[in-house]
Amino acid sequence: MNQPNQLLAPMKDAQHREVGGVQVDVVATGAARVKRIIYPAGFRWSAHMQPVVGTALCMHAHVGFLAQGSISIRYADGFVQEFVAPQAVAIEPGHDGWVVGEGPAVLIEFDFEGNTVERLGLPTVHGKA
């Protein structure tokens, strides 16, 4: 049973890049994109991406399916949300996030580049605290 984890295998026809230690594979699908994002164990947005991006919080919306692992999200208002695979994910802009546990988290995400919030009808600011 020493088979490789297929969720981590190279993706056919995907554009691959690594940013802040995160592996991102992107495939254009009509007006949207499907992304596989692999967050390594120990990843935290404020420690690894904030220096690259330059904003206080992640200002992207994330909508998709957490296929592997566990992540926690903290919004500017202090609300903490936890996701454990397998689980659907909808994360509004304005958050910090980190991987929980010893293994990577794999998120299959659907987006519309800069128009994800509008196209999917998500709030622009979190307000559940």
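Asks: Give me the lowdown on the overall build of the chain, citing residues and values where you can.
Replies: What the chain contains, in helices and strands, is 3 helices and 9 strands. Along the chain, helices (α) and strands (β) appear in the sequence β-β-β-α-α-β-β-β-β-β-β-α when read from the amino end. Against the globule reference of 14 Å for 129 residues, the chain gives a C-alpha radius of gyration of 14 Å, in line with a compact fold. Overall, the chain is about 45 × 35 × 30 Å in size when its C-alpha atoms are taken along their principal axes. Residue burial in the chain is summarised as follows: out of 129 residues, 37% are buried. Considering only contacts in the chain between residues 6 or more positions apart, those separated by 24 or more positions represent 59%. Summed over all atoms, the accessible surface of the chain reaches about 7300 Å², with 56% contributed by carbon and sulfur. Of the side-chain charges in the chain, 9 are positive and 12 negative, and the distance between the mean point of each set is 3 Å.

Asks: Lay out the layout of surface pockets in plain terms, naming residues and giving numbers.
Replies: Approximately 700 Å³ is the volume found for the largest pocket. As for the largest pocket, its lining consists of 37 residues, and the residues nearest its centre are K35, Y39, C58, H60 and H62. Taken together, the elements giving at least two residues each to the lining of the largest pocket come down to β1 (15-19), β2 (22-29), β3 (32-39), β5 (70-75), β8 (95-100), β9 (105-111) and α3 (116-120). By residue class, the composition of the lining of the largest pocket is 20 nonpolar, 10 polar and 7 charged.

Asks: Any details on the pairing of β8? Residues and values, ideally.
Replies: Burial within β8 is extensive, with 5 of its 6 residues counted as buried. For β5 and β8, the ladder comprises 6 bridges, and the chain directions are antiparallel. Each bridged residue has a counterpart across the sheet, and for Y75 the counterpart in β8 is H95.

Procedures and definitions
Residues numbered from 1 in each chain as written. Predicted model: local features only at pLDDT ≥ 70, side-chain atom pairs only at ≥ 80, totals over all residues. Heavy atoms only, no water. Helix = DSSP H or I, 4+ residues; strand = E, 2+ residues; numbered from the N terminus. Rg over C-alpha atoms; globule rule 2.2 N^0.38 Å. Buried < 20%, exposed > 50% of the residue type's maximum accessible area, 1.4 Å probe, protein only. Contact = heavy atoms within 4.5 Å. Areas by Shrake-Rupley, 256 points an atom, 1.4 Å probe, with all protein chains shown as cover. Lys, Arg positive; Asp, Glu negative; His and termini not counted. Charge placed at Lys NZ, Arg CZ, Asp CG, Glu CD. 1 Å grid on protein atoms, 1.4 Å probe; cavity = no way out; pocket = protein on both sides within 12 Å on 5 of 7 lines; lining within 4 Å. Points joined across faces, edges and corners; volume = space filled by probe spheres on them. Nonpolar A, V, L, I, M, F, W, Y, C, P; charged D, E, K, R; others polar. Pairing = 2+ DSSP bridges.

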